[in-house]
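Residue-level listing of the chains:
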Amino acid sequence: MKVFSLHLLLMGLSCMLLDGVATNASRPAVVHIGALFQSNSTIGKVAKIAIREAINDVNSNPTILHGTKLNLRVVDSTCTGFLGFIRGLELLEKGVVAVIGPQSSVVAHMVSKVASELKIPLVSFSATDIFFTPWGSPFFVRTTNSDLYQMTAIAEIVDYFGWKEVTAVFIDDDYGRNGIVALDDALIERRSKLSYKAAISPLLGLNRSEIMDVLINVAMLESRMIVLHVTPDIGRLVFSVANYLGMMGNGYVWICTDWLSLIVDSHSPLPSQVMDEMQGVLALRQHTPDTNAKRAFVSRWKNITGGSLGLNAYGLYAYDTVWLIAQALDAFLSQGGNISFSTDSKMLSLKDSNLHLEAMRIFDGGQALLNNILQSSFMGLTGLLKFDSSRSRVHPAYDIINMVGNGYLEVGYWSNYSGLSIKPPEILYNGPPNRSSADQQLRTIYWPGGTTVKPRGWVFPNSAAVNLLPYPVPYQFVGFGDGTKNPNYTDLVNMITAGKFDAAVGDIAIVTSRTRIVDFTQPYASSGLVVVAPLKKLNSGPWAFLRPFTPGMWGVIAVCFFAIGAVIWVLEH
């Protein structure tokens, strides 16, 4: 009996040991993850280093993947749709279980369709387009904030200063157009509006004459409140042209989305000429809390790059994205998940095609890995990394910076929790949300022209159009009339027809007889329907109230007095 019991005990221990070995053996030695970004772009240069450092940190930490190593497969992509899509397909057929990226919203829209078919999660650190939805792109997740929040922040700044009309200058692609749609909706909610939309073609965006044409049209408008939503390369050229056209002086307001803070953080200090062209501009920057972990990484970054490349917010998001995938992958493996791929039956039907799409396979554990990503919650370099039901990060927030001198000033913050504030959002999270107008605050802002007085935000349309022509036009203003009495405008119009004057500027009424012989611009003032009545100047004094009482009126009053008195007397007697 004792021998039998000992035998059972040994069998139990053997099973336990074998089970332990099987569990460890089920974890692969290496798991491949992909990265899709443009390595020569401002975002890509920073992201490349940040992702590499995060991979090293994960692989050197035995508490994360418990022996499994991450192997990064990088594909250099462009930010244009077709070429970026092709590069994305190349990456998805490399046996990766998740992809860091794409960098561009345009590319992300296209690649996400294929990734959803193959059940491979795309986790982007920089695609901010508002139209990524769980049902439209089920395997797309982002660790950055949607432009929906950025445009809400801009709309609240506009509302804070009381401006009612806004001009938008944007890049004409998915990223630009959809961002402006969100801005338009946010402004309407606050009883403001987009009065003009000026699109810059992404194919011709670096053409100075193209931007010149766009800004000339903007300069002719009444609104001086301009929102600039473009890429960093185009944005720098826009300010160069705007400065040339005199659009960076008093009266103008420029608010940039986070592309400008991206340049400032990555390449600071900027050349003095570049800074001079952006004085007084407001810009948003994705807010990341000032923590010990972030400060340590910033110090480490300086040692890595030697100060040649600054760390921007998207670099921090890229770093946290690696840790997000690593922790979700660790949970997936702990749940018994296996790294396996199967052939997509839909691809088999295309085996006769020259595209060789049969190399693309479905990740069997893709849905489980995606669920773990969405359920993650940890403190990263960018703050609390946790998703709500719409797959947006909780507590979206932005810094508001003001370009001044050789750098910038932080003039406040915006958060979806408490709106505009001069206190960091993480402090406000400890109290109840407060969106009252009295608590919306920003520090002193230096506007274009160096003034601290809030610009009006609009002017009468620019009438000196000749200054904007790309070629010289000599002209001379000649007075019409003798200076003592009103001139005859019909005679003035006839002089234009006769060739004595080339054009006339003044309050010339547009009537049918004149439109038959000359061309008029759009009227700058319109009276509509009016009633003309003579005006008599009357002296006013203490007895002015008696002026309406004529002798006839006095007689009527006297008759009424005696008549009423007689009636009362009859009734009394």
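Preceding this paragraph is the structure being described.
In what follows, the accompanying structure is described. (Residues numbered from 1 in each chain as written. Predicted model: local features only at pLDDT ≥ 70, side-chain atom pairs only at ≥ 80, totals over all residues. Heavy atoms only, no water.)

## Observations regarding the environment of Ser223
Turning to its location among the elements, Ser223 is positioned in the loop between α7 (208-219) and β8 (225-229). With residues near it in sequence (within four places) discarded, Ser223 still touches Glu165, Val166, Thr167, Ser195, Gly457 and Trp458. A polar side-chain atom of Ser223 sits 3.2 Å from the main-chain carbonyl oxygen of Glu165. A distance of 3.3 Å separates a polar side-chain atom of Ser223 from the backbone nitrogen of Met225. (Helix = DSSP H or I, 4+ residues; strand = E, 2+ residues; numbered from the N terminus. Contact = heavy atoms within 4.5 Å. Polar contact = N/O pair within 3.5 Å; in protein donor to acceptor, adjacent residues only side chain to side chain.)

## Quick notes on the pairing of strand β6 (residues 165-171)
The buried count for β6 comes to 6 of 7 residues, which makes it a mostly enclosed element. In terms of handedness, the path from β6 via helix α6 (residues 174-189) over to strand β7 (residues 193-200) forms a crossover that is right-handed. Note that β6 and β8 share 4 bridges and pair parallel. By the bridge assignment for β8, Val169 is matched with Leu228. (Buried < 20%, exposed > 50% of the residue type's maximum accessible area, 1.4 Å probe, protein only. Right-handed = clockwise from strand over helix to strand, strands pointing away. Pairing = 2+ DSSP bridges.)

## Looking at the nonpolar core
Ile51, Leu70, Phe125 and Leu369 are the most contacted members of the largest nonpolar core, which has 72 residues in total. Sort the elements by how many residues they give to this core and helix α12 (residues 313-334) lands first, with 15 residues. The residues touching Phe125, leaving out its near neighbours within four places in the chain, are Phe37, Ile43, Ala47, Ile51, Ile100, Thr143, Thr144, Tyr314, Tyr317, Ala318 and Thr321. Residues Ile211, Val214, Leu215 and Ala283 belong to the second largest nonpolar core, which totals 39 residues. (Core = buried A, V, L, I, M, F, W, Y, C linked by side-chain atoms within 4.5 Å.)

## Topic: the side chain of Thr42
Mapped onto the fold, Thr42 is located in helix α2 (residues 42-59). For Thr42, a relative accessible area of 18% translates into the label buried. Once you skip the residues sitting within four places of it in the chain, Thr42 turns out to touch Leu262, Ser266, His267 and Asn312.

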